[in-house]
Amino acid sequence: NAGVTQTPKFQVLKTGQSMTLQCAQDMNHEYMSWYRQDPGMGLRLIHYSVGAGITDQGEVPNGYNVSRSTTEDFPLRLLSAAPSQTSVYFCATYSGAVGANVLTFGAGSRLTVL
Amino acid sequence: GQQLNQSPQSMFIQEGEDVSMNCTSSSIFNTWLWYKQDPGEGPVLLIALYKAGELTSNGRLTAQFGITRKDSFLNISASIPSDVGIYFCAEHTSGTYKYIFGTGTRLKVLA
């Protein structure tokens, strides 16, 4: 049982390049989300989804796109990477059931934009 | 964006010492969560608190949901080297999909 799987674990991009961070979960969780972690800033929500076909913006959505075509997958796209997007990205999910509101995180993807 | 005030920002302690950290907010919350992040990994849930005044233990860890519902603390007793990491508090408002995270307490344990 893998839980939440993120790929790649590390990535280096040049300014202006595009890429997709992948997130897959095998827990049948309705809710999936992307956070970025920066020193001294804690975890900030980028985008989230409450089910297939439904996405919404979080606190820091600019420069990122998401889609949710299946329950299992929630990719995060950077269309034109900027140095300000250098960060560690975490995908997190939870089931949404009553009393089961605990976020489960992936291991993270460390992105450097030169 | 809204964040929880977490303190201290960092701690250096000797192995065997007890540790205390806390989280405060200007708003009333329904759920307090405490996570630990090991170096190079994602945060993992340590303790979840659901009622004001609730005191919950998980091994050497003890956390409490403040009576005012605006704060929470986490204590670690008899620290060991593997306690190293970043500890985050988080709040979840029931009925929403919204989580708010503290800025983290970075703990280093000196053997």
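Read on for a plain summary of the structure. (Residues numbered from 1 in each chain as written. Chains lettered and ligands numbered in written order. Predicted model: local features only at pLDDT ≥ 70, side-chain atom pairs only at ≥ 80, totals over all residues. Heavy atoms only, no water.)

## Here we look at the side chain of D83 of chain B
- Along the chain, D83 of chain B falls in the loop between β8 (71-76) and β9 (85-92).
- With near-sequence residues (within four places) excluded, D83 of chain B lies in contact with K36, R60, I76, L107 and V109 of chain B. (Helix = DSSP H or I, 4+ residues; strand = E, 2+ residues; numbered from the N terminus. Contact = heavy atoms within 4.5 Å.)

## Things to note about the nonpolar core
- W32, W34, L74 and L107 of chain B are the most contacted members of the largest nonpolar core, which has 22 residues in total.
- With 19 residues, the next largest nonpolar core counts F90 and Y94 of chain A together with I86 and F88 of chain B among its residues. (Core = buried A, V, L, I, M, F, W, Y, C linked by side-chain atoms within 4.5 Å. Buried < 20%, exposed > 50% of the residue type's maximum accessible area, 1.4 Å probe, protein only.)

## Description of unusual backbone geometry
- Looking along the chain, the bond that leaves T7 of chain A and enters P8 of chain A is cis, with omega of -5°.
- Tracing the chain through its elements places P8 of chain A in the loop between β1 (4-7) and β2 (10-13).
- For the peptide bond that leads from S7 of chain B to P8 of chain B, omega is -5°, which places it in the cis range.
- Position of P8 of chain B relative to the elements: it lies in the loop between β1 (5-7) and β2 (10-14).
- The phi dihedral of N28 of chain A falls on the positive side, at around 60°, and the residue is not glycine.

## Brief notes about the environment of A92 of chain A
Residue and element names in this part refer to chain A.
- Looking at where A92 falls in the secondary structure, it is placed in strand β9 (residues 87-94).
- Between the C-alpha atom of A92 and that of F74, which follows or precedes it by 18 residues, the distance is 10.0 Å.
- Non-local contacts of A92, meaning those with residues more than four positions away in its chain, are made with Y31, M32, S33, Y35, L103, T104 and F105.

## As for the side chain of Q6 of chain A
Residues and elements named next belong to chain A.
- Tracing the chain through its elements places Q6 in strand β1.
- Side-chain polar atoms of Q6 contact the backbone oxygen of Y89, separated by 2.9 Å.
- At a separation of 3.3 Å, a polar atom in the side chain of Q6 contacts the side chain of S109.
- Excluding its chain neighbours within four sequence positions, the residues that come into contact with Q6 are Q22, W34, Y89, F90, C91, G106, A107, G108 and S109. (Polar contact = N/O pair within 3.5 Å; in protein donor to acceptor, adjacent residues only side chain to side chain.)

Any functional reading would require information that these geometric values do not contain.
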